[in-house]
Amino acid sequence: MATDPGTARERLLALKAELLDLSQSAHEDRKPVELDQQSVGRLSRQDSLQVQAMAKAAEARRAQEIRRIDAALQRVEDDEYGWCAECGEAIEDKRLELDPAAPRCAACA
């Protein structure tokens, strides 16, 4: 395995920080939609509800990715980073380059 755990740790932390920044900036879109008939028309309210639903779905995907990153960071700490969680073989460097949080080799994925 040629992947350097220190470099992987830096990349994982950078990815996590980026996801947390995105989550913070999208906070307004996830707030409850005001249902006041006087201030928002029916179509505008539907648009707002759709934006809210999409923001919540995106937040769920970000949270899942952060969990994957945290698991990869734990593998770095445990000196298990770069090894497949299924078969125990080394994960291909190219795979880790594309997805530094990958827990499995291509064959097991």
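See the structure printed just above.
I will try to describe carefully the structure that is included in this document. Keep in mind it's a predicted model, so treat the numbers as computed, not measured.

Turning next to the pattern of salt bridges. A complete count under the given rule lists seven salt bridges for this structure. Among the salt bridges present, the one from aspartate 99 reaches arginine 68, with a minimum N-O distance of 2.6 Å. On the criterion of sequence distance, the pair formed by aspartate 99 in the segment after helix H3 (93-98) and arginine 68 in helix H2 (residues 42-77) is long-range, its members being 31 residues apart. In this structure, the salt-bridge partner of arginine 104 is glutamate 86, at a minimum N-O distance of 3.2 Å. Of this pair, arginine 104 sits in the segment after H3 while glutamate 86 sits in the loop between H2 and H3, and the two are 18 residues apart along the sequence. Since its relative accessible area comes to 31%, arginine 104 is described here as partly exposed. Overall, glutamate 86 belongs to the exposed group, its relative accessible area being 52%. What you see here is one network of salt bridges that share partners, running through Glu65, Arg68 and Asp99.

Tracing the backbone shows arginine 61 in helix H2. With a relative accessible area of 54%, arginine 61 lands in the exposed category. In sequence terms arginine 61 and leucine 19 are 42 residues apart; their C-alpha atoms lie 9.9 Å from each other.

This part is about the state of the cysteines. Summed over the entire model, instances satisfying the criterion amount to zero disulfides. Cysteine cysteine 108 is unpaired, with the sulfur of cysteine 105 as its nearest cysteine sulfur at 3.7 Å.

Rules used in this analysis
Residues numbered from 1 in each chain as written. Predicted model: local features only at pLDDT ≥ 70, side-chain atom pairs only at ≥ 80, totals over all residues. Heavy atoms only, no water. Salt bridge = Lys/Arg side-chain N within 4 Å of Asp/Glu carboxyl O. Helix = DSSP H or I, 4+ residues; strand = E, 2+ residues; numbered from the N terminus. Buried < 20%, exposed > 50% of the residue type's maximum accessible area, 1.4 Å probe, protein only. Disulfide = S-S within 2.5 Å.

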